[in-house]
Amino acid sequence: MSVLKAIVTPFLIILLLICSLVPLSAQINPPRHYQVKAAFLYNFTQFVEWPASAFPDDGAPVSIGIVGEDPFGPYLDEVVAGENMNGHPLIVQRFNPDDEIRDCHILFINLPNKDKTAEIIESINGKNILTVSDMPDFLQNGGMVRFIT
């Protein structure tokens, strides 16, 4: 019995390790369409012009913000790593729905609550923030760019 246990135990440990890595790899690699959307968010930084007043100083970063659940995982961070826009480094920030959002240039909104989305859009009204989402009715609620798959 102990010989069988000695053979089966390492096999079970290896099997458990492999099984525990599967969900982790699913979180590391977002679905393909979110990888494409992350690339679009980066590309917006190359084609949108912000006024000088959108930056506190010449070296201030261009911030891509995400409010709500982050569907990109680390992929968006990897896309913008080491990149810049006209000498401004790119960074990614994550916000909770109740955070005050400032010093953000592109904001991806991913909230299940349409009222909270409208509240956030209203709170940043007049700021130099490009709002982006893939939520239905986003444009009707005041958003600027809606991804459609």
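K.L.:
Could you give an account of the packing of aromatic side chains, with specific residues and numbers?
P.N.:
One pass over the structure, following the stated rule, counts six aromatic pairs. Residues Phe-44 and Phe-147 carry aromatic rings whose centres are separated by 6.1 Å and whose planes lie at 10° to one another, so their mutual orientation is stacked. One end of the pair, Phe-44, is in helix H2 (residues 32-47); the other, Phe-147, is in the segment after strand E6 (145-146), and 103 residues separate them in sequence. Residue Phe-44 is classed as buried on the basis of its relative accessible area, which comes to 17%. Overall, Phe-147 belongs to the buried group, its relative accessible area being 10%. Taking 5.0 Å as the distance between ring centres and 70° as the angle between the ring planes, the aromatic pair formed by Phe-72 and Phe-108 counts as edge-to-face. Here Phe-72, found in the loop between strand E1 (62-68) and helix H3 (75-80), pairs with Phe-108, found in strand E4 (residues 106-110); they are 36 residues apart in sequence, far enough to count as distant. For Phe-108, a relative accessible area of 0% puts it in the buried group. Every member of this aromatic cluster is reached through a ring pair, and the members are Tyr-34, Phe-40, Phe-44, Phe-72, Phe-108 and Phe-147. Positioned over the ring face of Tyr-34 is Lys-37, at 4.6 Å from the centre of the ring.

K.L.:
Please give an account of the pattern of salt bridges that cites residues and values.
P.N.:
A complete count under the given rule lists six salt bridges for this structure. Between Asp-134 and Lys-37 there is a salt bridge, with its nearest N and O atoms 2.8 Å apart. Of this pair, Asp-134 sits in the loop between strand E5 (130-133) and E6 while Lys-37 sits in helix H2, and the two are 97 residues apart along the sequence. Assigned by exposure class, Asp-134 and Lys-37 land together as buried. Across the salt bridge formed by Arg-94 and Asp-70, the nearest N and O atoms sit 2.6 Å from each other.

K.L.:
Summarise unusual backbone geometry; cite the residues concerned and give the values.
P.N.:
Among all residues except glycine, the phi angle is most often negative; among peptide bonds, the trans geometry is most common. Non-glycine residue Asn-86 carries a positive phi angle of around 50°. Relative to the helices and strands, Asn-86 resides in the loop between strand E2 (84-85) and strand E3 (88-95). Judged by relative accessible area, which is 71%, Asn-86 ranks as exposed. A positive phi is found at Asp-137, a non-glycine position, where the angle reads about 65°. Structurally, the position occupied by Asp-137 is in the loop between E5 and E6. Of the residues examined, Asp-137 reaches a relative accessible area of 36% and is grouped as partly exposed.

Reading the values: rules and limits
- Sequence order as written defines residue numbering, which begins from 1 separately in each chain.
- Residue-level local features of this predicted model are given only where pLDDT is at least 70; pairs of side-chain atoms are given and counted only at 80 or more, and the full residue set underlies all totals for whole chains, interfaces and linings.
- The side-chain quantities take in all heavy atoms of the structure and omit both hydrogens and water.
- Two rings from Phe, Tyr or Trp (for Trp, the six-membered ring) form a pair when their centres are within 6.5 Å of each other. A pair whose planes differ by under 30 degrees is stacked, one over 60 is edge-to-face, and the rest are tilted.
- Secondary structure elements follow DSSP: runs of H or I no shorter than four residues count as helices, runs of E no shorter than two count as strands, and numbering proceeds from the N terminus.
- Categorising residues by exposure relies on relative accessible area from a 1.4 Å probe, with only protein chains included: less than 20% of the type maximum marks a residue as buried, more than 50% marks it as exposed, and the intermediate range marks it as partly exposed.
- Sitting over a ring, as applied to charges here, requires NZ of Lys or CZ of Arg to be within 6 Å of the ring centre and within 35 degrees of the ring normal.
- For this analysis, a salt bridge means a side-chain nitrogen from Lys or Arg found within 4 Å of a carboxyl oxygen belonging to Asp or Glu.

Any link to function would need more than the numbers given here.
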